[in-house]
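# Observations on the three-dimensional arrangement
As a plain string of letters, each chain reads:
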Amino acid sequence: MADKPVLNQYDRSLEGFELEELVQRIASVLDKHGALTVADYRRELHEARNDSRRRLGEVTLDLPKASPALNSRTVPVKSGSTPVNSGTIPAQDLAPNGLNAPLHQVADADSFAPVGELGVARYRHTFTGDRHLDALLVNKGTEVLIVTFHGALDRKRYTLPNSASR
Amino acid sequence: MMFFSDPTLWTDPTFQLAWYTGWKDQEVQPLIADWAVRAAHAVGASRIIFTGSSGGGFAALQVSALVPGSVCLAFNPSTSIHGYLSDGTSTGTQRTYVKVLYPELAGGNVWAMDFTDDWAAGLGDRMSVRKRYATPRENYVIYADNPNDWHHDIDLPALKEVMTATGSAERLRVHSYEGPKSHVPPNPRQFKEAMAKALAWCRELPPVS
C-alpha cells in the first residue's frame with residue numbers, strides 16, 4: 001500500500017508573491033473537481049512557484065542607458081580580481097540560479113575591479129574561515145546600478161552560491 | 001543590477017537572517033558599499049539604488065548610508081537588530097544571531113538571556129539603522145511601507161524620528177502600498193511601482209561621486 005501523501009516543510013512555506021497565483025490555481029481545481037487532494041495541492045504549488053518566478057523575471061525596468069562615452073568604457077580585470085573563466089556571459093544566457101556566469105575570484109577585497117563589458121559575471125572574495133562575499137553583476141549598459149539584498153532565507157529551500165562556475 | 005549574498009550566513013548552516021552585519025572582526029557593510037561604487041564606475045553607471053525587503057531592506061539602508069548621493073528603496077525594513085521580533089512576536093531570530101556570532105553576550109546560556117536589554121549597544125552602528133542615521137547622511141531613502149505590516153508601527157516612526165532629528169527629513173520619502181496583513185516581500189507589481197519612484201528621484205539628483 002502506498003504511503004499516505006503528506007505535506008513537508010517546503011510545501012508549507014510560501015513567499016508572499018507566490019500566494020496569489022496559488023490561490024487562483026486552487027480555486028480553479030475546486031471549480032473543476034469539487035475537491036483538492038494533497039497531490040493536487042503539490043502540483044498546483046509547483047506550478048504557482050514556477051509562474052511566480054517567471055513573472056518576477058519579467059519585471060522590466062525603464063532604466064536610462066549610460067552615455068555612449070561611458071557605455072564604451074571598459075575596465076580591465078586587475079590583479080585584485082582573477083577570473084576563473086573570462087569576462088562575462090550575455091544576460092539572456094544566464095541560468096535561473098546565476099551559477100553559469102564566469103566566476104572571478106577577488107583575492108584582495110579592497111581592490112575589487114569588476115570587468116566593464118556588457119553581460120553577467122560573478123565575483124567572490126573568500127574570508128578566513130571559508131566565508132565568502134558573493135556578488136553577481138549584470139551589466140546592461142544602464143545609467144543606474146540597482147544593488148539588491150535578500151531578506152531571510154529558508155536554508156532548506158535556498159542555498160548560498162557555491163564555488164562551481166558552471 | 002548587482003546582487004549580493006549575505007556573507008554572514010556562511011558562519012552557520014542554519015542561519016536564516018543575519019542582516020549583512022558580518023561578524024566580530026569583519027564588518028562587511030563598508031566593503032559592500034565599496035564594491036557597489038566600484039561596480040558602478042566599471043559599468044558606467046552614474047547613479048546607484050540600493051534595495052531590499054525586510055532584512056534586505058535593513059542592509060540597503062545601512063549600505064546606502066555609506067554611499068553619498070545614493071538612493072535606498074527599502075521595503076518594510078527592520079531598523080534595529082536588537083528588538084527585532086520574528087513574526088512580530090518572537091525573539092528567536094535575535095537569539096540565534098547572538099548564539100552564533102556573540103555567544104559571550106549570553107554568558108553561556110542564550111535561553112536565559114534578557115533580550116529587553118540592548119545587547120547590541122557595544123557592537124557599533126552596523127547593528128542599527130537608527131544609530132547609523134543618528135549621524136547626518138548624504139543618501140536618500142524611500143521607505144516602501146505596507147501599513148498592514150507590523151514594521152509600519154515600529155520601524156517607520158523610528159526612521160522618521162532619527163532622520164528628522166538630524167535635519168534630514170527631506171531625504172526621506174514614504175511610498176505607501178496596500179499589502180497583506182503580514183510581513184512579506186512586495187509582489188512584482190508593487191516592486192515595480194516603488195522602483196519607478198526611486199528611479200524618478202535618482203534622476204533628479206546629482207550623480208554619485
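Residues numbered from 1 in each chain as written. Chains lettered and ligands numbered in written order. Predicted model: local features only at pLDDT ≥ 70, side-chain atom pairs only at ≥ 80, totals over all residues. Heavy atoms only, no water.

This structure, assessed with the given rule, holds 16 aromatic pairs over all chains. Ring geometry for Tyr140(B) against Trp201(B): centres 5.4 Å apart, planes inclined by 70°, an arrangement best described as edge-to-face. In this pair, Tyr140(B) sits in strand β6 (residues 140-145) while Trp201(B) sits in helix α6 (residues 188-204), placing the two residues 61 residues apart along the sequence. The exposure class of Tyr140(B) is buried, given its relative accessible area of 15%. Aromatic rings pair up to connect Phe112(A), Tyr123(A), Phe149(A), Phe4(B), Tyr20(B), Trp35(B) and Phe50(B) into one cluster. Stacked on the ring of Trp23(B), the Lys or Arg Arg131(A) has its end atom at 4.8 Å from the ring centre. (Phe/Tyr/Trp six-rings, centres within 6.5 Å; stacked < 30°, edge-to-face > 60°. Helix = DSSP H or I, 4+ residues; strand = E, 2+ residues; numbered from the N terminus. Buried < 20%, exposed > 50% of the residue type's maximum accessible area, 1.4 Å probe, protein only. Lys NZ or Arg CZ within 6 Å of the ring centre and 35° of its normal.)

For the rest of this paragraph, the subject is the interface of chain B and chain A. Taken together, the 57 residues of chain B in the interface contact 54 residues of chain A. Contact between chain B and chain A buries roughly 5000 Å² in total, counting both sides, with carbon and sulfur atoms accounting for 65%. Three residues stand out in chain B for area buried against chain A, namely Met1(B), Trp10(B) and Trp35(B), and they jointly supply 17% of the buried area on that side. Between the two partners, chain B and chain A, sit 1 salt bridge. For Arg47(B), the salt bridge identified is with Glu143(A), shortest N-O distance 3.6 Å. Run the count over chain B and chain A and you get 24 residue pairs in polar contact (both at pLDDT 80 or more). Taken together, the elements giving at least two residues each to the side of chain B that touches chain A come down to β1 (2-4), α1 (29-43), β4 (47-53), α2 (55-64) and α6 of chain B. When residues of the side of chain B that touches chain A are assigned to their parent elements, the largest contribution, 11 residues, is made by α1(B). The residue inventory of the side of chain B that touches chain A, partitioned by class, reads 36 nonpolar, 14 polar and 7 charged. For strand β5 (residues 144-149) of chain A and β1(B), the ladder comprises 3 bridges, and the chain directions are parallel. Along β1(B), the bridge assignment pairs Thr148(A) with Phe3(B). (Contact = heavy atoms within 4.5 Å. Buried area = accessible area lost by both parts, 1.4 Å probe. Salt bridge = Lys/Arg side-chain N within 4 Å of Asp/Glu carboxyl O. Polar contact = N/O pair within 3.5 Å; in protein donor to acceptor, adjacent residues only side chain to side chain. Nonpolar A, V, L, I, M, F, W, Y, C, P; charged D, E, K, R; others polar. Pairing = 2+ DSSP bridges.)

A word on the pattern of salt bridges. All names here are of chain B. Taken as a whole and judged by the stated rule, the model has 10 salt bridges over all chains. Among the salt bridges present, the one from Arg189 reaches Glu193, with a minimum N-O distance of 3.5 Å. Placement of both Arg189 and Glu193 in helix α6 is noted, with a separation of 4 residues, approximately one turn of the helix. For Arg189, a relative accessible area of 49% gives the class partly exposed. A relative accessible area of 39% places Glu193 in the partly exposed class.

Residue and element names in this part refer to chain A. Relative to the helices and strands, Pro90 resides in the loop between β1 (81-83) and β2 (103-106). Taking the relative accessible area as the measure of exposure, Pro90 reaches 37% and is therefore partly exposed. Spatially, the C-alpha atom of Pro90 lies 9.2 Å from that of Lys140, the residues being 50 residues apart in sequence.

Turning our attention to the confidence of the model for chain B. Summing up the model confidence of chain B, the mean pLDDT is 95 and the portion of residues at 70 or higher is 100%. ipTM for the predicted complex: 0.96, alongside a pTM of 0.80. (pLDDT = per-residue confidence, 0-100.)

Counting residues in hydrophobic clusters, the biggest one holds 70 residues, and the most contacted among them are Phe149(A), Phe4(B), Tyr97(B), Trp119(B) and Leu159(B). Top element by residues in this core is α1(B). It accounts for 9 residues. Setting aside anything within four residues of it in sequence, one finds Phe4(B) in contact with Leu133(A), Asp134(A), Ala135(A), Val147(A), Thr148(A), Phe149(A), His150(A), Tyr20(B), Ile32(B) and Trp35(B). In terms of nonpolar packing, the next biggest core, distinct from the first, is built from 18 residues, Val144(A), Ile49(B), Ile142(B) and Phe191(B) among them. (Core = buried A, V, L, I, M, F, W, Y, C linked by side-chain atoms within 4.5 Å.)

The next thing to look at is the pairing of strand β4 (residues 131-139) of chain A. The buried fraction of β4(A) is high, at 8 of 9 residues. A loop of 3 residues connects strand β3 (residues 119-127) of chain A with β4(A), the two strands running antiparallel in sequence, and Gly129(A) in this loop sits at a positive phi of about 85°. Note that β4(A) and β1(B) share 3 bridges and pair antiparallel. Bridged to Ala135(A) within β1(B) is Phe4(B).

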